Number of protein chains: 2
Amino acid sequence: MHRHTQPQATAAPPAAVLQEAVAHDDAVNRAHTHADAHTHRSVAEHRNAVRALLEPLRNAGHTERLALSDALGRGLAEDITAPLDLPPFANSQMDGFAIRAADVPESGAELRVAAPVPAGARPAPLQPGTAAPIMTGAMVPPGADAVIPIERAVPAAFPAPGADATVRLPPAAAGTFIREAGSDIRAGEAALAAGTCLGPGQLGLIAALGMPDVLVHRRLTVLLVTTGDEVVEPGGQLGAGKIFDANGTLLETSLRQAGLAVIRAGISTDDPAALCSLLRRHAPEVDLIVTTGGVSKGAYEVVRQAMDGQDVHFGHVAMQPGGPQGIGTFDGVPLLGFPGNPVSCLVSFEMFLRPVLSGLLGSPSPRTVVHGRLLEPLTSPAGKHQVRRGTLLPDGTVRLEGGESSHLVRALAQSNALVQVPEGVTALAKGAEVEVWML
Amino acid sequence: MHRHTQPQATAAPPAAVLQEAVAHDDAVNRAHTHADAHTHRSVAEHRNAVRALLEPLRNAGHTERLALSDALGRGLAEDITAPLDLPPFANSQMDGFAIRAADVPESGAELRVAAPVPAGARPAPLQPGTAAPIMTGAMVPPGADAVIPIERAVPAAFPAPGADATVRLPPAAAGTFIREAGSDIRAGEAALAAGTCLGPGQLGLIAALGMPDVLVHRRLTVLLVTTGDEVVEPGGQLGAGKIFDANGTLLETSLRQAGLAVIRAGISTDDPAALCSLLRRHAPEVDLIVTTGGVSKGAYEVVRQAMDGQDVHFGHVAMQPGGPQGIGTFDGVPLLGFPGNPVSCLVSFEMFLRPVLSGLLGSPSPRTVVHGRLLEPLTSPAGKHQVRRGTLLPDGTVRLEGGESSHLVRALAQSNALVQVPEGVTALAKGAEVEVWML
């Protein structure tokens, strides 16, 4: 680890904002510097700080009870115990004949056909020496203990209801083709734990248990503000030195995909007073503020300047891209200040905010983590956790998309995964195994 | 392949509905039968049939233009070509000094400090022998061809604006720390292809290109009807032989997660006339009908019976679970009849409808496909593609959840993946590599 390769920088005197400017988060392996050394954090340390900041949002009062289909994608806020057995009663796994196993010897038997048992009916007890036509899912009649599939019967068809008929059946062990009551889950067993993300499978289980609604964490509301004198709304006129705002769309859709409600307050200029009043206007109605840009140590860092007097900490995370980060509260509302490059924004969201929300509230579901083999070598700065963009291919290999530079939006759009290169790793060969997080 | 191991069944005479009953889709390796042999399809064949059924939904008239953030999760319905370079102009990758590389010899140089260049401004040309303070993302002044990071300058800080100052800088090759115009994408290059699923990364790119809206495929509307005399709405009273409806919630949320609008028409009883009139009431307002249950060859198959006179085909797909499938049109509206067990429903959706929608409309995004190693052996019926439920663990191993039986809803709720066992594979050892589709 060589974080301090530019010792001359440590001699920089305290100075006005313009004089504080040092390196930005970006695509090079370069020094972190000086006065701020105590603010350097590892990725894990910063994630823990984000978690501590947002932990109060898990507390009581932040839950609501929703109908099952409205709860899709939410985090479960209660443990669910099965109130009944699943299946609720022994039922047939096949269309066939319900029998008493003891009625059919090794050589088979000819049994009288009883009344058929459709699904949904309460059948009469099965009389000894008879076989009841039974449909898949139908309740096994009292007394019956096995089902012979229709195609093993002779004849291999059900007689017309009410006809006086017999059927020749082979033997079967007791229990054959019967789904016992409680064979999926028993009444009183734990079904789902608080903190589970409710997808179709989980909601299907709750429905099967007969519950029409469920207690979930409330949807959080986020105020999203992108900043920068150079940033223009898509569709606007692009003057010299200006760029269109990708961060707003990138983060709004990321936040919404993660289940949050987003208030977009437009683009703020580099005027700290304007930013401050914009934040103050919306802060009372939101759970969280996310800003982009203006958190580094350059000459015009509007978010840093606007946070004067607020409990917001600016520092550097040992991560590339996404190093400069702001974290704290603005008028008591949790605030995360992400850096200004689009890829840095996305990486900040995916590395810090998204996993913390998953862990605290059960929603969104965590990213799928898999391992793949690099199709090409890569290098990574010493002392930083590097996050590259890539495509996991069906054969388990990983193709890097674009270089390490954080302005490469097209490469991001071509990627399906983030490639994780842990701090301490400075080079990986072609074929090396890497951890990837599926986007 | 041993599909016809019960030859006696082939002798079954044509008969009334009650007499046609044969094996259901379920959790056993057993025979397919007789008269219906020509309706047996492989998984790929049935998926192709679903694709052919839904292909007209891709045609013109089924698209709309949406603001970027409203287009999240939609399929792109046009090719997008970059209307401008990204970045639009050469800009600085660092906070530092913009220089003419030729002005600084190997030994370094002392240069006069010019006016600073903030992001968003159009800078004046750089005069020979000067160095302009420049912020990350700011336009490189005409004449400048390299940027020296601030921490490599002596002093390593910007002078106050307007001050008459000099700075000592090391040499740099032309191009150093400059992001060239078009280094991400050039005007006229293909940015995104029609059929791309629009996630945050893709929408971020479109925003960066300055487009405020985008042409996408219209959201499809699905009528979802669950059937069965035995099925009760969650929250209702569960009589003997009855079960709560898991299929409705499981499929409604699966469909909505895949981006479709869902009309729930409640649970239909096993009365074909009632089902028919329910379908007829809603058919004009939907793009697709999905039913559950009543498609097998049992005695009370309401969907089969209700399709009398409609162009709907019922057959068996060589898949476990989810074998019995109905496909066709009801009053001209595409209809898919899924089987009645919850796991069969989900597998039918994931194996047929979801991938076909992804392929045709670009939405939802395809499931992530990875390979894992089985933590335990498994067996699979000859001649069937088996789909097991499992959990892909972080170490790349796959734990099976529950057995192969299609009624195991709790096991499904514990799974994060579908484990694919292709037709022709009858056993896999512990440690064998399997393809898994992440849920």
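Residues numbered from 1 in each chain as written. Chains lettered and ligands numbered in written order. Predicted model: local features only at pLDDT ≥ 70, side-chain atom pairs only at ≥ 80, totals over all residues. Heavy atoms only, no water.

Focus: the overall build of chain A
- Per the secondary structure count, chain A includes eight helices and 27 strands.
- For chain A, whose C-alpha radius of gyration is 31 Å, the value lies well above the compact-globule estimate of 22 Å for 439 residues.
- Viewed in the frame of its principal axes, chain A has a C-alpha envelope of about 100 × 50 × 40 Å.
- Within chain A, the proportion of its 439 residues that are buried is 60%.
- Of the contacts made within chain A by residues no fewer than 6 positions apart, 71% connect residues no fewer than 24 positions apart.
- Of the roughly 15500 Å² of accessible surface on chain A, a fraction of 52% belongs to carbon and sulfur atoms. (Helix = DSSP H or I, 4+ residues; strand = E, 2+ residues; numbered from the N terminus. Rg over C-alpha atoms; globule rule 2.2 N^0.38 Å. Buried < 20%, exposed > 50% of the residue type's maximum accessible area, 1.4 Å probe, protein only. Contact = heavy atoms within 4.5 Å. Areas by Shrake-Rupley, 256 points an atom, 1.4 Å probe, with all protein chains shown as cover.)

Some thoughts on the interface of chain A and chain B
- Contact residues are listed per partner, giving 104 residues for chain A and 106 residues for chain B.
- Regarding the contact of chain A and chain B, the summed buried area is about 8300 Å², with carbon and sulfur atoms giving 63% of it.
- Three residues stand out in chain A for area buried against chain B, namely A:Glu151, A:Asp184 and A:Arg410, and they jointly supply 8% of the buried area on that side.
- Joining chain A to chain B, the criterion identifies two salt bridges.
- At the junction of chain A and chain B, the tally comes to 22 residue pairs in polar contact (both at pLDDT 80 or more).
- At the level of secondary structure, the elements contributing two or more residues to the side of chain A that touches chain B comprise helix H1 (17-20), strand S10 (190-192), helix H3 (200-208), strand S14 (243-244), helix H4 (247-257), strand S21 (369-374) and helix H8 (409-413) of chain A. (Buried area = accessible area lost by both parts, 1.4 Å probe. Salt bridge = Lys/Arg side-chain N within 4 Å of Asp/Glu carboxyl O. Polar contact = N/O pair within 3.5 Å; in protein donor to acceptor, adjacent residues only side chain to side chain.)

Focus on the sheet that holds strand S12 (residues 221-227) of chain B
Residue and element names in this part refer to chain B.
- Strand order in the open sheet formed by six strands is S15-S12-S16-S20-S19-S17, with mixed pairing between adjacent strands. In this open sheet, the two edge strands, each paired with only one partner strand, are strand S15 (261-268) and strand S17 (311-316). Within this sheet the neighbouring strands show an average axis-to-axis angle of 15°, counted without direction.
- Here strand S19 (residues 324-330) runs beside strand S20 (residues 333-338); their pairing, made up of five bridges, is antiparallel. From the neighbouring strand, Phe 330 faces S20, where its bridge partner is Val 333.
- Docked against the sheet, helix H2 (residues 43-54) engages strand S16 (288-292), S19 and S20, running at close to 15° with respect to S19.
- Most of the contacts of helix H7 (residues 342-361) go to S20, to which it runs at about 135°, and overall it touches S16, S19 and S20. (Pairing = 2+ DSSP bridges. Axes fitted to C-alpha atoms, helices over the stretch in contact; angles between N-to-C directions.)

Let's talk about the relation of the copies chain A and chain B
- Each copy superposes on the other: chain A lies on chain B with an RMSD of 0.0 Å after a rotation of 180° and an axial shift of 0.0 Å. What the rotation and shift describe, once combined, is the action of a two-fold rotation axis. Looking at the rotation axis and the C-alpha trace of chain A, the residue lying nearest is A:Val370, at 3.9 Å.
- The fraction of interface residues of chain A whose copies in chain B are also interface residues reaches 100%, indicating that both copies meet through the same surface. (Least-squares fit on C-alpha atoms with pLDDT ≥ 70 in both.)

A closer look at the side chain of A:Gln310
All names here are of chain A.
- Relative to the helices and strands, Gln 310 is located in the loop between helix H6 (302-306) and strand S17 (311-316).
- For Gln 310, a relative accessible area of 17% gives the class buried.
- Among the polar contacts listed, one links the side chain of Gln 310 to the backbone nitrogen of Asp 331, at a separation of 2.7 Å.
- In contact with Gln 310, not counting residues within four places along its chain, are Arg 280, Thr 329, Phe 330 and Asp 331.

What about the packing of aromatic side chains?
Residues and elements named next belong to chain A.
- On inspection of all chains with the given rule, the structure shows two aromatic pairs over all chains.
- Ring geometry for Phe 97 versus Phe 158: centroids 5.3 Å apart, planes at 65°, classification edge-to-face. Here the residue Phe 97 occupies a position in strand S4 (residues 96-99), and Phe 158 occupies one in the loop between strand S7 (146-149) and strand S8 (166-169), the gap between them amounting to 61 residues.
- With a relative accessible area of 0%, Phe 97 lands in the buried category. (Phe/Tyr/Trp six-rings, centres within 6.5 Å; stacked < 30°, edge-to-face > 60°.)

Focus: the sheet that holds S8(A)
Residue and element names in this part refer to chain A.
- Here we have five strands laid out as an open sheet, ordered S7-S4-S6-S5-S8, and mixed in their pairing. Among the strands making up the open sheet, the edge pair consists of S7 and S8. When strand polarity is set aside, the average angle formed by the axes of neighbouring strands in this sheet is 40°.

Some thoughts on the domain arrangement of chain A
- Domain annotation of chain A identifies domain 1 (7-60 + 218-361), domain 2 (63-85 + 183-217), domain 3 (91-179) and domain 4 (369-438).
- Computed from C-alpha atoms alone, the centre-to-centre distance between domain 2 of chain A and domain 4 of chain A is 37 Å. (Domains from an automatic or database assignment.)

Remarks on the confidence of the model for chain A
- Per-residue pLDDT for chain A has a mean of 89; in total, 91% of the residues score no lower than 70.
- In the predicted structure, residues 1-38 of chain A sits below a pLDDT of 50 and forms 103 contacts with residues beyond four places in sequence or in another chain. (pLDDT = per-residue confidence, 0-100.)

A few points about H3(A)
- When you tally the buried positions in H3(A), you get nine out of nine residues, the bulk of the element.
- The inward-facing, buried residues of H3(A) abut strand S2 (80-81), S10 and strand S11 (213-217) of chain A together with strand S14 (243-244), helix H4 (247-257) and helix H8 (409-413) of chain B.
- A:Gly210 lies just past H3(A) and shows a positive phi near 90°.

A few points about the packing of helix H2 (residues 43-54) of chain A against helix H7 (residues 342-361) of chain A
All names here are of chain A.
- Remark: H2 packs on H7, axes separated minimally by 9 Å, with the N-to-C direction vectors making an angle of 50°. Judged on the interaxial angle alone, H7 and H2 are oblique. Viewed along their axes, H2 and H7 form a crossing whose handedness is right-handed. Residues Val 43, His 46, Arg 47, Val 50, Arg 51 and Leu 54 of H2 form the contact with H7, whose own contacting residues are Met 351, Phe 352, Leu 353, Pro 355, Val 356, Leu 357, Gly 359 and Leu 360. (Parallel < 35°, antiparallel > 145°, perpendicular 65-115°, else oblique. Left-handed = near helix turned anticlockwise from the far one by under 90°.)

Some thoughts on the packing of H3(A) against H4(B)
- At their nearest, the axes of H3(A) and H4(B) sit 8 Å apart, and the two run at 155° to each other. For the element pair H3(A) / H4(B), the angle class is roughly antiparallel. Where H3(A) crosses over H4(B), the handedness of that crossing is right-handed. When H3(A) is examined against H4(B), the residues A:Pro200, A:Gly201, A:Leu203, A:Gly204 and A:Ala207 are found in contact with a partner set consisting of B:Thr249, B:Leu250, B:Thr253, B:Ser254 and B:Gln257.
- A class-by-class count of the residues in the contact of H3(A) with H4(B) yields four nonpolar, six polar and no charged. (Nonpolar A, V, L, I, M, F, W, Y, C, P; charged D, E, K, R; others polar.)

Regarding the environment of B:Glu230
- By the element assignment, B:Glu230 lies in the loop between S12 and strand S13 (231-232).
- Given the relative accessible area of 15%, B:Glu230 is considered buried.
- Counting along the chain gives 185 residues from B:Glu230 to B:Ser415, while the straight-line C-alpha distance between them is 27 Å.
- What B:Glu230 contacts, discounting residues up to four positions off in sequence, is A:Ala119, A:Gly120, B:Gly241, B:Lys242, B:Ile243 and B:Asp270.

Details of H2(A)
Residue and element names in this part refer to chain A.
- Between its first and last C-alpha, H2 extends 17 Å over twelve residues, near the 16 Å set by a 1.5 Å rise per residue.
- Taken residue by residue, H2 has Val 43, His 46, Ala 49, Val 50, Leu 53 and Leu 54 as its buried positions. One side of H2 holds all its buried residues, which, seen down the axis, span an arc of 125°. Facing away from the buried side of H2 by over 90 degrees, the exposed positions are Asn 48 and Ala 52.
- Where H2 is buried, its residues meet strand S16 (288-292), strand S18 (319-320), strand S19 (324-330), strand S20 (333-338), H7 and strand S23 (385-392). (Expected span 1.5 Å × (residues − 1). Arc of directions from axis to C-beta.)

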